[in-house]
Structure formats: structure tokens, C-alpha cells
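What follows is each chain in one-letter form.
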There are 4 protein chains.
Amino acid sequence: MASPNKREDILSAALILFSERGYDGTTIPMIAERANVGAGTIYRYFENKEYMVNILFQECLLDFSESMKKVDLTATMNLKEKFYLLFNQMITFAKAKPEQLNFFDTHCTGYYLDDKSKKLLGEYLDFLTSFIEEGKKSGVIQDLPSDALISIIYGAFSHLFKLIHAGLIEESPHLLESLVDCCWNAIKIH
Amino acid sequence: MASPNKREDILSAALILFSERGYDGTTIPMIAERANVGAGTIYRYFENKEYMVNILFQECLLDFSESMKKVDLTATMNLKEKFYLLFNQMITFAKAKPEQLNFFDTHCTGYYLDDKSKKLLGEYLDFLTSFIEEGKKSGVIQDLPSDALISIIYGAFSHLFKLIHAGLIEESPHLLESLVDCCWNAIKIH
Amino acid sequence: MASPNKREDILSAALILFSERGYDGTTIPMIAERANVGAGTIYRYFENKEYMVNILFQECLLDFSESMKKVDLTATMNLKEKFYLLFNQMITFAKAKPEQLNFFDTHCTGYYLDDKSKKLLGEYLDFLTSFIEEGKKSGVIQDLPSDALISIIYGAFSHLFKLIHAGLIEESPHLLESLVDCCWNAIKIH
Amino acid sequence: MASPNKREDILSAALILFSERGYDGTTIPMIAERANVGAGTIYRYFENKEYMVNILFQECLLDFSESMKKVDLTATMNLKEKFYLLFNQMITFAKAKPEQLNFFDTHCTGYYLDDKSKKLLGEYLDFLTSFIEEGKKSGVIQDLPSDALISIIYGAFSHLFKLIHAGLIEESPHLLESLVDCCWNAIKIH
DNA sequence: GATGAATGAGCATTCATTCAT
DNA sequence: AATGAATGAATGCTCATTCAT
């Protein structure tokens, strides 16, 4: 009857509520109710609400970045091939865990993020940056600041998935295939 | 000494605070202090906090959409020319009123938005949609759902400006010119 | 209808409740109810509960020590005369403000007292000490540590008044006159 | 490894914590941690927190009063000799079990004391009273209410030991011998 | 019109107590 | 017998809102 893993129940509930209503718009009683635990139980697992968002943020980010780093980029591939593999991995993640993406997106600039969360975010961006730098060096990606290029691609990607997740846009294989093309066309040298 | 237009002072203060801390993370006393008015004064101008976000949202959106609709698109222009004009207008708006863009972006899916706000948002999207539809008909824009195309372009644009506004990316004329190209390349037929 | 001095109402209520139930046994709602104010109102006057006890403690102690320092000790008096004047002043205070004495007595070793409260307490004890020292030098008071002598006298005095205040012992002019004698006999050289 | 007597461990921990922080300032988890038992274990030995203070209070008081009643007062002694024996027994107890004295002192007026605790306290006071009455009859102790005289002596004694226990006054054989004299002088007929 | 003192509902958090293991 | 995870009532405190000035 009792769930064997209350910690996960709480994090799942928090993930969805934070995504829907934001950090300050979500109350501990809301999380407790959705997780089917008493309000006090939450404090057995998380020191306080702020620690909780940060842990959730870090777990989401690690999950996402590990998924990305898992992509097998062999040396013989050209950059476009690598880009497509990475981007498709991002799509795979977004389809599998839309709430995580949404949560990450809406909380990555929160005033409540602690140093560890910010550091982790920085590290992940560095990984993406180094990929883009490689493309610029080999002359296939436009010569714009790497963070700007990442921002453009990630913005397009995440905004689209936010609307898909909200049910405002219908997902289709064709759309997702085209999305990769769109993003590649946005940054490649013509 | 006293500001002649307290209503505007309040809205300006709210705009910035809502952008930085979100709706629920912003308190009426915070707004009152930043606007240099008493907390009670806010209730002379706005029925309550929820009405206030909605009015602010609607004013921002109207301001934005009027700015877009003001662009003079003469019949002789081709679609790319129109796109560039519209997009550059969006950039002009973003540079002039970065807080408004940021506020709009972070609040357009808020659970507290009322019907009027949602209706206005829909109308604005329709305007953009009809533009994209035109491009698809004339065979210069890819055959993807219009709202998806808008989402891609708007996502790229707004995410970049969010980072510029946060001081994480440096704005430059070259970057902004290239941004239009990127977005056009993302959706045009190659 | 509304009391003109809510701060005093709150402090009075807190004084009595803290005396009766201790710091931790007294809740903010209890204080609010007794003071006839809303619970939130208390926080307009006191940063938090801990600040409140400390302010109350300091005000009580200042009131008490000012009352003692007000006693006119002319140079021509001998030490016994001075002792009787001071002790009677203490009794006067105890009769006028029994709750203050009781509160002071039960809270002067509280773990929640801040540095300012402790400093004030130290200064007051120094005043008493210097009086006792004078008596020891002039050979009329026993040669024991001054703080021990103070403790003996104050202990006898405060314990008796605690029971009087609790209604367990009946106060009478004769008792109070005798109390001074008892205390003087306890410390004088025979 | 496990203590053979958890009940005593719990009472010892509670005694010290209640003395230092008061009844309401002490939590069950605090007691459990200090006693090296699980929080739930406490409820095997004590129905609830309130029963626990009362049992502790009663055990302390019985311990104290038995120690006092154990003093061998032979019929041939005069009252002063008896007083000195009794008082020195009190000092012996205070030196051996300072926490018990301190706990007793700070909790004997607690709102949470039940009828049994109050009855026991009354009985103990009656014992002391009858001793004082004897002295008054034989004309060596002043004619003041017995409970007042007890209060004066006990107040002086307990206050001094509170400060000794707190480390604010240094204990010395001379001080303790003098203390008896002080207290006797306070109440005897001169 | 403007204020900010006052309020109490509601928040994050703690803690006495229970109970499955 | 002993534990500590789980609970929810109750705490200290905040804040949207009201209203007397």
C-alpha cells in the first residue's frame, strides 16, 4: 500500500507542480497531497523547500546532460552528423521526460538556485560550447558567439516542446525531423 | 515630488519584479516600495494582484502587437523582405523594452492568466500565423504547421534576448543582423 | 475602541504569559489573544519572538535598575541605612510590578537571551557588587564573595515574592519589615 | 553495547535538558538523542511528555526529601544543631546532584505539574514547616509565617547553588560553611 | 487621493506521537 | 523490546487585502 520510494514520489510531484505553477506558486501541502504523503514527511527527505528545488534541478540537469554525453560520437563523423545525433538525443529526452525539460527551462534562471546548481549549469553549457567551437573551427558553423548559437538552437527547440507538452502543437515524426533541419540550417554556413 | 502617474509607476515596478522573481515570488509590499507608493495605494488602481498581472500582461502584449502591426508592409514586397521587416521590428521592441519581452515570455503560460489575456494572446498568434500561411502558400516557407514555425522562430529570438538581458550574452549589431538570417534560414525552403 | 498603544498591550500580555508559562510555553497566538490584537500585528512591533523576549527583558531590567539607582544615598548615611533604603526600594518595586520581577527571575538564565541582555544584566550586577564591596571594606559586611552575598539576599527576596505573587504566602507590613532584617542579619558581621 | 537501563538514560537526559531549556524548550528528539535511544522508545517508558516531567519531578523530590528525612535528629540536640545538620544535608545533596536541584527549582511552579506532583511538594513543605514551627515554639526562631521563613532560606540556598552550578560563583568550603551561618542568622532571634 | 497600521488566512516548518518492522 | 519513518496538528511568521485617518 505504502509506496516503497517516497523520495521519488515527492520529487515527481514537485517536478510537475513546479513546472505548472513555478517555485513560489507551489506549496508544500500541494506537493504532499500529490505525492500522497504527509506534509511533514517531505522534511525527512529534504531539508527545506529551497534545497528541494535545487536537488531537483541538479538531478534533472544531470539526467539531461548524461543522456547527451552518452551519444556515441565517433571520430569519423562530420560535424553535421554529430549535430543530428546530439539534437535527436535532445528530442528523445524531451519526448521521454517532457516535465523535466519544462521544469529545467522555467527554473534555470530562478533566484533560488544555489551555487552548485549554477556550477552544474555552467559545466553543461561548456560541453555544448565546445561542440559548437569545433564546428566554427572546421568552417561549417557560422562565426557567431557560441553561447548565442546555443541559445538560438536551444530556444527554438525548447519553445516548440513547451507548446507540444502544453498540447497546443501536435507532435509528428515529420515535424521532429524537420525541426533538426531547421536548427541546422539556422546555424550552418550557407 | 509626488509622481504624477502612480499607475505607471506601479506597473513599471511590477513589470520588473514579476520578470525577476515571478508572479508568486513578488509581493505587494515589494512592488509598493519599488514604485514609491504605499501598499494600499496599489488597490486604488488595481482590484487585486491577479487583476494586476493580467492588465500588465495585456498592456505588454498590446504594446508588442501594435508595434508589430505598425510595420508598413507594402504589397510589392516579397515575403522575405516582409519577414525581415517584421523580425527587425521585434528586435527593435526587444531592445527598447527588454523587461516587457522578458515579462511576456515568463508569464504567457501562467495559471493566473484570465480569459481576456488568453484571448488577446490567441489573436496575436493568429496575426503571426496568417503571415506564415502566406509564406507557405507562395512556396518560400517550409510546409510545417504554422504555430510550430512561429514557435521555432520566437523561441530562438526570445531565448537569445533573455540571455542578452541577463547580461550573459553581449549584444552587437552583427549578432542581431545574423539572428534574422538564422531565423529566416531556419524556416525558408532551401 | 482600538487601544492607542498596541506595543504596550503586546508587551504586557507577553510579560504575564512568559512569567506563567515560560518562553517556549507561550505562543504568539496566545500573546495576540491576550493583547487583543491580530497575530500579524505583533510582527509590526517586534521582529520576531526572540527579539521580543529580549526587548521585554531589557525594559524590565532597566526599569528595575533605574528604580534602584534613583534611591537617594547621601554620604552621611551608614551602610546599614543605605542597605535598608535599597532593599525597601526593591520591595516597593516588587509590590508595584510583581510580574516584572517574576519574569526577570524566570528568564535571566534563558538560552535565548542575546548579548545586549546579558551585558545589561552584568552592568546591573556590577552596581550591586560595588555596594557590597563598600560594606566589606568598612567592616560591616561579611568577607564572602560579593556575588555570593548578592545571590543570597536576592534569592531570599525573590523567592519570597514569587510565593507572595503566587498567592501561597500572604503579604503583610510586618513580614516585609522583617524580611529586610532577615537579609541584613544574613550578611552583616555579628 | 546497549544500556541495561534505558529508563534511567532517558530520565537523566531529560533532567539535564529540562534544566537547561525548560519543559517546552526541550523536544522528545533532543531527549532521545542525548539518551542514545530512538524517539519511539521513550514512549515505551513514559506515556507522554507531560507524564515524563511529572515522574521526573516526583522522583527528584522524593530523592531530595528522603535524603533530608534520613538525617538523624536525636532528641537531645538543640534546634540550631538540627538546623545545621539539615542544612548541611541540603548542601550535600546540592553538591552531589546539582541538576536535580536545578530541575526541581525551575519546574516546581510549572503549569504542567499534575496533582500528584503538587501533593508531594505540599507534603515536603509540611515536613519543613513542622521543623520551623518547633523552632518558633522553643523561641529560637523568629515569629514569622513558617512558609515565609522556609522561602527565605530556601531562596537564598537555591539561588546561590544555581549560580554555582552555572559556573558564575566558585564553590569553596568556607563559602558553604558561611552560607549555613548566614541562613541561620537570617531567621534566628537575635 | 494616499497612506500604512491592522488583520487573519495561509505558508513553511517542527514535533509529539503512532506504528509497521 | 526497540526503532525511526510517517503523520498532521500546531507553531512562528508572511502577505494580500482592508480601512480609519
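The residue count restarts for each chain, going from 1 along the sequence in the order it is written. Think of it this way: whatever chain is written first is A, whatever ligand is written first is 1, and the rest follow in order. Two thresholds apply to this predicted model, a pLDDT of at least 70 for residue-level local features and 80 or more for giving and counting side-chain atom pairs, whereas whole-chain, interface and lining totals are computed over all residues. Processing note: side-chain calculations cover all non-hydrogen atoms of the structure and skip hydrogens and water entirely.

The name an unreviewed UniProt entry gives chain A is TetR family transcriptional regulator, with Pradoshia eiseniae as the organism.

## Remarks on the arrangement of the chains
Rules: Whether two residues are in contact is decided by their heavy atoms, any of which lying within 4.5 Å being enough.
The smallest C-alpha distance separating chain B from chain C is 14 Å, and no contact links them. The two units chain B and chain D remain apart, with a minimum C-alpha distance of 33 Å.

## A closer look at the protein's contact with DNA strand E
The condition is simple: By convention in these notes, a residue is near a molecule or strand provided one of its non-hydrogen atoms lies within 4 Å of it. Within 3.5 Å is the distance limit for a polar contact, defined as a pair of N or O atoms, with the added protein rule that one can donate a hydrogen and the other accept it, and that residues adjacent in sequence qualify only through two side-chain atoms. Secondary structure elements follow DSSP: runs of H or I no shorter than four residues count as helices, runs of E no shorter than two count as strands, and numbering proceeds from the N terminus. Classes in brief: Ala, Val, Leu, Ile, Met, Phe, Trp, Tyr, Cys and Pro nonpolar; Asp, Glu, Lys and Arg charged; the others, Gly included, polar.
Of all residues adjacent to DNA strand E, which total 30 residues, the nearest are A:Y43, C:T41, C:R44, C:Y45 and D:I28. Of all atoms in DNA strand E that approach within 4 Å of the protein, 72% are sugar or phosphate atoms. The side chain of B:Y45 places a nitrogen or oxygen atom 2.7 Å from a phosphate oxygen of DNA strand E. For DNA strand E, a phosphate oxygen lies 2.5 Å from a polar atom in the side chain of C:T41. At the level of elements, α2 (28-35) and α3 (39-45) of chain A, α3 (39-45) of chain B, α3 (39-45) of chain C together with α2 (28-35) and α3 (39-45) of chain D are the ones that each hand at least two residues to the surface near DNA strand E. Its residues placed into classes, the surface near DNA strand E shows 10 nonpolar, 14 polar and six charged.

## Remarks on the protein's contact with DNA strand F
For DNA strand F, the set of nearby residues contains 31 residues, the closest of which are A:T41, A:R44, A:Y45, B:I28 and D:T41. Counted by atom, the contact set of DNA strand F within 4 Å of the protein is 73% sugar and phosphate. One of the backbone N or O atoms of A:G38 is found 2.9 Å from a phosphate oxygen in DNA strand F. The element best represented in the surface near DNA strand F is α3(D), accounting for five residues. For the surface near DNA strand F, the per-class residue count stands at 11 nonpolar, 14 polar and six charged.

## Side note on the pattern of salt bridges
Residue and element names in this part refer to chain A. The test is simple: We define a salt bridge as a contact between a side-chain nitrogen of Lys or Arg and a carboxyl oxygen of Asp or Glu at a distance within 4 Å. Residue burial is assigned from relative accessible area. The probe radius is 1.4 Å, only protein chains are included, and a residue is buried under 20% of its type maximum, exposed over 50%, and partly exposed in between.
Counted according to the given criterion, the structure contains 28 salt bridges over all chains. The closest approach of N and O atoms between E171 and K95, which form a salt bridge, is 3.6 Å. Of the two residues, E171 is situated in the loop between α8 (146-165) and α9 (173-187) and K95 in helix α5 (residues 79-96); the sequence distance between them amounts to 76 residues. A relative accessible area of 37% means that E171 is categorised as partly exposed. By sharing partners, the salt bridges in this structure join R7, E8 and E59 into a single network.

## What about the domain arrangement of chain A?
All names here are of chain A. Quick reminder of the rule: For the domains described, the bounds stem from an automatic or database domain assignment. Note: buried area is the sum, over both parts, of the accessible area (probe 1.4 Å) each one loses when the two are combined.
The assigned domain composition of chain A is domain 1 (1-46) and domain 2 (49-186). Between domain 1 and domain 2, the C-alpha centre-to-centre distance is 26 Å. Taken together, the contacts link 16 residues of domain 1 with 16 residues of domain 2. Each partner contributes to the roughly 1500 Å² buried at the junction of domain 1 and domain 2, and carbon and sulfur atoms together form 71% of this total. When residues of domain 1 are sorted by the area they lose upon contact with domain 2, L15, F18 and Y23 head the list and together hold 44% of the total. There are one salt bridge connecting domain 1 and domain 2. For the salt bridge of E59 with R7, the shortest nitrogen-to-oxygen distance reads 2.3 Å. Viewed at the interface, domain 2 and domain 1 are joined by six residue pairs in polar contact (both at pLDDT 80 or more). Only α1 (6-21) and α2 provide two or more residues apiece to the side of domain 1 that touches domain 2. Per element, the largest residue contribution to the side of domain 1 that touches domain 2 is eight residues, and it comes from α1.

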